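# Coordinates in review
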Amino acid sequence: MARTKSIVHYVAVSDLSQPPEEHQGFRIEVEGRGGDTEKNREKALEIVNQKWENGEIAEDKFPDGITRDNIFYVPPQSAKGNMETTDQELLPIVQGAQEIVQLTKLQIEVQEAAEEASPYTPIIEVILDRSRPLSSEEKDLAKDKKYGKIIERVGVAIANQEEFRENCTGNGKLILNAIAWNLESHPLLSLKPESEESPSKNTEEEE
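Note that the structure is predicted; figures quoted are calculated from it, not measured. (Residues numbered from 1 in each chain as written. Predicted model: local features only at pLDDT ≥ 70, side-chain atom pairs only at ≥ 80, totals over all residues. Heavy atoms only, no water.)

Moving on, we come to the overall build of the protein chain. Scanning the protein chain for helices and strands turns up seven helices and three strands. The order of α-helices and β-strands along the protein chain, N terminus first, is β-β-α-β-α-α-α-α-α-α. Taken over 207 residues, the protein chain has a buried fraction of 33%. Within the protein chain, contacts between residues at least 6 apart in sequence are counted, and of these 63% link residues at least 24 apart. When the accessible area of the protein chain is evaluated, it comes to approximately 13800 Å², of which 50% is carbon and sulfur surface. (Helix = DSSP H or I, 4+ residues; strand = E, 2+ residues; numbered from the N terminus. Buried < 20%, exposed > 50% of the residue type's maximum accessible area, 1.4 Å probe, protein only. Contact = heavy atoms within 4.5 Å. Areas by Shrake-Rupley, 256 points an atom, 1.4 Å probe, with all protein chains shown as cover.)

Take a look at the structure:
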């Protein structure tokens, strides 16, 4: 079985002179262990500088240049919404990145649990609708020890997802804004032909 790579997340904030709620930037994934270590932070800074050198970041997006001060660690969150460790209040965009990472993990857990439970769907429908007796095959499936565990796993996964969503700050939208911000600075990344651009955008440019 292949070993799962350990990923550490950072956010590169462009203009630190702006208010925290108006910060722009992008999320960075670094392969490494140990959380916010000097080595992982250097890797994150190297990735940003590489993007800069490759022209993937417009020069005006980092008006004061790119230094370690622009790199912010995104601590992992549990499904209960607790941060792993942090000694200071997180910037809104870092909170947003943190929540997106956790929501993605929870979504995968829900989907995988649902896929595992899919063979039992006919049994569940019969139990809920009381439309007919279970067949011999369905009874054998329902007697299997895995049946109850798998059904319970679906419920727990969905409950964890909903609970986390309810406690989210909503700053995940800042990550969407950051994606749009980066596509604007490097249009080729959008993979969208110029002929398909919306009329509203063209109108604004003409004005």
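The discussion continues.
Turning to the environment of V74, a few remarks are in order. Assignment of secondary structure puts V74 in strand 3 (residues 71-74). Put simply, V74 and Q95 are 21 residues apart on the chain and 7.4 Å apart in space, counted from C-alpha to C-alpha. Not counting residues within four places of it along the chain, the set of residues in contact with V74 comprises H9, Y10, V11, V94, A97 and Q98.

Looking now at the side chain of H9. Counting through the fold element by element, H9 comes out in strand 1 (residues 7-13). When its relative accessible area of 13% is taken as the criterion, H9 is described as buried. Here the side chain of H9 touches R27 through a polar contact of 3.0 Å, side chain to side chain. Excluding residues that lie within four positions of it along the chain, H9 makes contacts with R27, I28, E29, Y73, V74 and V101. (Polar contact = N/O pair within 3.5 Å; in protein donor to acceptor, adjacent residues only side chain to side chain.)

Spatially, the three strands line up as an open sheet ordered 2-1-3, and their pairing is antiparallel. Every other strand in the sheet has two partners, leaving strand 2 (25-31) and strand 3 as the edge strands with one partner each. The mean angle between the axes of side-by-side strands here comes to 30°, regardless of whether they run parallel or antiparallel. Sheet analysis places strand 1 next to strand 3, joined by four bridges and oriented antiparallel. Opposite Y10, over in strand 3, you have Y73 as the bridge partner. The strands touched by helix 1 (residues 38-53) within the sheet are strand 1, strand 2 and strand 3, with strand 2 carrying the most contacts at an inclination of about 125°. (Pairing = 2+ DSSP bridges. Axes fitted to C-alpha atoms, helices over the stretch in contact; angles between N-to-C directions.)

These figures come from the coordinates and say nothing about function on their own.
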